[in-house]
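# Residue-level structural notes
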Amino acid sequence: MLKADAIVLGAGIVGVSVAVHLQKRGRATVLVDRRAPGEETSFGNAGLIQREAVYPYAFPRDFKKFLTYALNRSAGSHYHWRALPKLAPFLIRYWWHSSPARHAAIAQAYARLIERSVDEHLSLAAEAGSAELLRPTGWILLYRTPSALDEAVTDAERLREEFGIRFRALDRRDLAEAEPHLGSGLTGGIHYTQPVSVSDPHALTLAYVRLFEHLGGRSARGDARTLEATPQGWQVQTESGSIEAKHVVVALGAWSDVVARAFGYRVPLATKRGYHVHFQPRGNAVLNHTVLDDERGYVLAPMAQGIRLTTGAEFAARDAPKTPVQLAKAEPLARDLFPLAERIEAEPWMGLRPCLPDMMPVIGPAPRHPGLWFAFGHAHHGLTLGPVTGRLMAEMMTGAAPFTDPAPYRVDRF
Ligand SMILES: Cc1cc2nc3c(=O)[nH]c(=O)nc-3n(C[C@H](O)[C@H](O)[C@H](O)COP(=O)(O)OP(=O)(O)OC[C@H]3O[C@@H](n4cnc5c(N)ncnc54)[C@H](O)[C@@H]3O)c2cc1C
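Think of each chain on its own: its residues are numbered from 1, step by step along the sequence as written. Local features are withheld for residues below a pLDDT of 70 in this predicted model, meaning they are given only at 70 or higher, and side-chain atom pairs are given and counted only at 80 or more; totals for whole chains, interfaces and linings count all residues. For the side-chain quantities, the full set of heavy atoms in the structure was used; hydrogens and water were omitted.

## Focus on the overall build of the chain
- The helix and strand tally for the chain stands at 11 helices and 22 strands.
- With the C-alpha coordinates of the chain rotated into their principal frame, the extents come out at 65 × 45 × 45 Å.
- The cut-offs for exposure are 20% and 50% of the maximum accessible area for each residue type, with area from a 1.4 Å probe on protein chains only; residues under the lower value are buried, those over the upper are exposed, and the others partly exposed. In the chain, buried positions account for 59% of the 414 residues.
- Within the chain, residue pairs in contact and separated by at least 24 positions form 77% of the contacts whose partners lie at least 6 positions apart.
- Surface accessibility follows the Shrake-Rupley procedure with a 1.4 Å probe radius. Residue values consider only the protein chains on display as shielding. Of the roughly 17,200 Å² that the chain leaves accessible, carbon and sulfur atoms contribute 54%.
- In this count, Lys and Arg are taken as positive residues and Asp and Glu as negative ones, while His and the chain termini are left out. Lysine's charge is taken at NZ, arginine's at CZ, aspartate's at CG and glutamate's at CD. For the chain, the centre of its 47 positive side-chain charges and the centre of its 42 negative side-chain charges are spaced 4 Å apart. Numbering of helices and strands runs from the N terminus; a helix is a DSSP stretch of H or I covering at least four residues, while a strand is a stretch of E covering at least two. The contact criterion used throughout is that any non-hydrogen atoms of two residues lie within 4.5 Å.

## Quick look at the packing of helix H4 (residues 100-114) against helix H11 (residues 382-397)
- The convention used is that axes are lines fitted to C-alpha atoms, helices contributing only their stretch in contact, and that angles between N-to-C directions extend from 0 to 180 degrees. For the pair H4 and H11, the least separation of the axes is 9 Å and the interaxial angle reads 90 degrees. Compared by their axis directions, H4 and H11 come out roughly perpendicular. Every residue of H11 that contacts H4 at Tyr110, Leu113 and Ile114 is listed here: Thr384, Leu385, Val388 and Leu392.
- The class makeup of the residues in the contact of H4 with H11 is 6 nonpolar, 1 polar and no charged. In this scheme, roughly parallel covers angles under 35 degrees and roughly antiparallel covers those over 145, while 65 to 115 is roughly perpendicular and the rest are oblique. When residues are grouped by polarity, Ala, Val, Leu, Ile, Met, Phe, Trp, Tyr, Cys and Pro land in nonpolar, Asp, Glu, Lys and Arg in charged, and all others, Gly among them, in polar.

## Quick word on the sheet that holds strand E5 (residues 134-135)
- Sheet architecture is open: 3 strands sit in the order E3-E9-E5, paired in antiparallel fashion. Where the open sheet ends on each side, the last strands, each with one partner, are strand E3 (48-49) and E5.
- At least two DSSP bridges between two strands are required for those strands to pair. Of the pairings in the sheet, the one linking E3 to strand E9 (residues 196-198) comprises 2 bridges and is antiparallel in character. For Ile49, the partnering residue across the bridge sits in E9 and is Val196.

## Digging into the pattern of salt bridges
- Salt bridges are counted wherever a side-chain nitrogen of Lys or Arg sits within 4 Å of a carboxyl oxygen of Asp or Glu. Going through the model one piece at a time under the given rule, you end up with 21 salt bridges.
- Between Arg318 and Asp257 there is a salt bridge, and its shortest N-O distance comes to 3.0 Å. Residue Arg318 is located in the loop between strand E18 (313-315) and helix H10 (325-337), and its partner Asp257 is located in helix H9 (residues 256-262); the two are separated by 61 residues in the primary sequence.
- Residue classification places Asp257 among the buried residues on the basis of a relative accessible area of 9%.
- Across the salt bridge formed by Glu395 and Arg391, the nearest N and O atoms sit 3.3 Å from each other. Separated by 4 residues within a single helix, Glu395 and Arg391 lie in helix H11, roughly one turn from each other.
- Exposure remark for Glu395: the relative accessible area of 7% places this residue in the buried category.
- Via salt bridges that share partners, Arg116, Glu120, Arg391 and Glu395 belong to a single interconnected network.

## Concerning the pairing of strand E6 (residues 139-143)
- Counting buried positions over the 5 residues of E6 gives 5, a clear majority of the element.
- A two-sided burial pattern is seen for E6, the buried positions comprising Trp139, Leu141 and Tyr143 on one face and Ile140 and Leu142 on the other.
- Direction of pairing for E6 relative to strand E8 (residues 188-192): antiparallel, over a ladder of 5 bridges. Across the sheet, residue Leu141 finds its bridge partner in E8, namely Ile190.
- In this structure, E6 lies alongside strand E15 (residues 290-293), joined through 4 bridges in parallel fashion. Along E15, the bridge assignment pairs Leu141 with Leu292.

Function cannot be inferred from these measures alone, as they are strictly geometric.
Below, the structure is given as structure tokens:
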């Protein structure tokens, strides 16, 4: 039996970041996952540390957009009809929280996390000796019509006024200068300049694991579903034997509800699935920034592995087989935007964004079980918020003053 101060269940970017922050504060921590670290959702995202994302992604309230989604017509969103009955309660609550007034209130709390996202990554990456994975390029939203661009400028100005978010409005010429290989037909874009782009999110997670182990932390393979309460605290079974600790953190991403439910916490977690594939650029084409083709619903990101095409949300059962129809729709659109050569891998990657209906994560204690803590539900921004969550969690768990009021993220808000 191995004794530790804390066990962290789940070695995605969130669990790894919590483990590093605990270990930095002298808490002997064991990081447990059934796979090698960072191989689920944290493996294949678009790599953006979204410093501008103070408004989390809301359910569309605009009727035209809603109808496009409802008819499964857009590359940006897709759903499985047969998953709807089970998803309906989540979707109704998500829609309710997306009203302009609720969304604005949520942004006030969410901004407290988002505003630290880049700084927390920069300091962890520097300590991990991996600062070169973080590129201070910002990212660009693209538009094809002057009216859509004007609307986006108004939105960006509001973000600047309310939250100090920095951006540059790009006209056709500015955009061509920033991205000379994008196709014609673009009117301009919004360049959010504070975000950071990660060239290999998996490598970043692994760098944080190495930092954790360098600080004395240990990693083990095991199934989180073996978690049990003991008179001393908590125990979990791993391939290296059983591990006991006073504290345990559930950071299992899209699978967190399975363990939470076993202890009586019914969290309304749903998944928005997402896909990626990589392409070689054609000839000497270069993509300098990650670009979101908002009107057509996909992202192109320059990554260590190639140009990564990622998709928006797919609403489906967590374990349903892959249905990469959004990739099939997005690929010709992406080829129209940027000169892509062959696909690098035949089989698309799929990840599961863990989502809560009010668009905010759960970060904090399980109120009825001393020593049980939750850190999950980061939806579209788990890479962005991993290290911020790690800090907040470790501050709460060690009795230090939390950098922000953690009340908005508590589990019993549901
Ligand atoms: C296409 C796409 C693009 C995205 N782009 C961005 C972006 O640009 N910026 C951003 O901030 N976010 C982005 N995201 C979201 C981000 O990737 C996720 O929010 C984040 O990876 C979630 O991290 P996590 O640690 O909570 O979960 P995960 O990375 O999924 O980790 C959960 C871990 O729990 C483990 N686990 C599960 N069940 C068990 C069990 N029973 N026993 C033991 N271990 C278990 C898994 O093996 C896994 O390692 C994107 C997501 C997708 C799908």
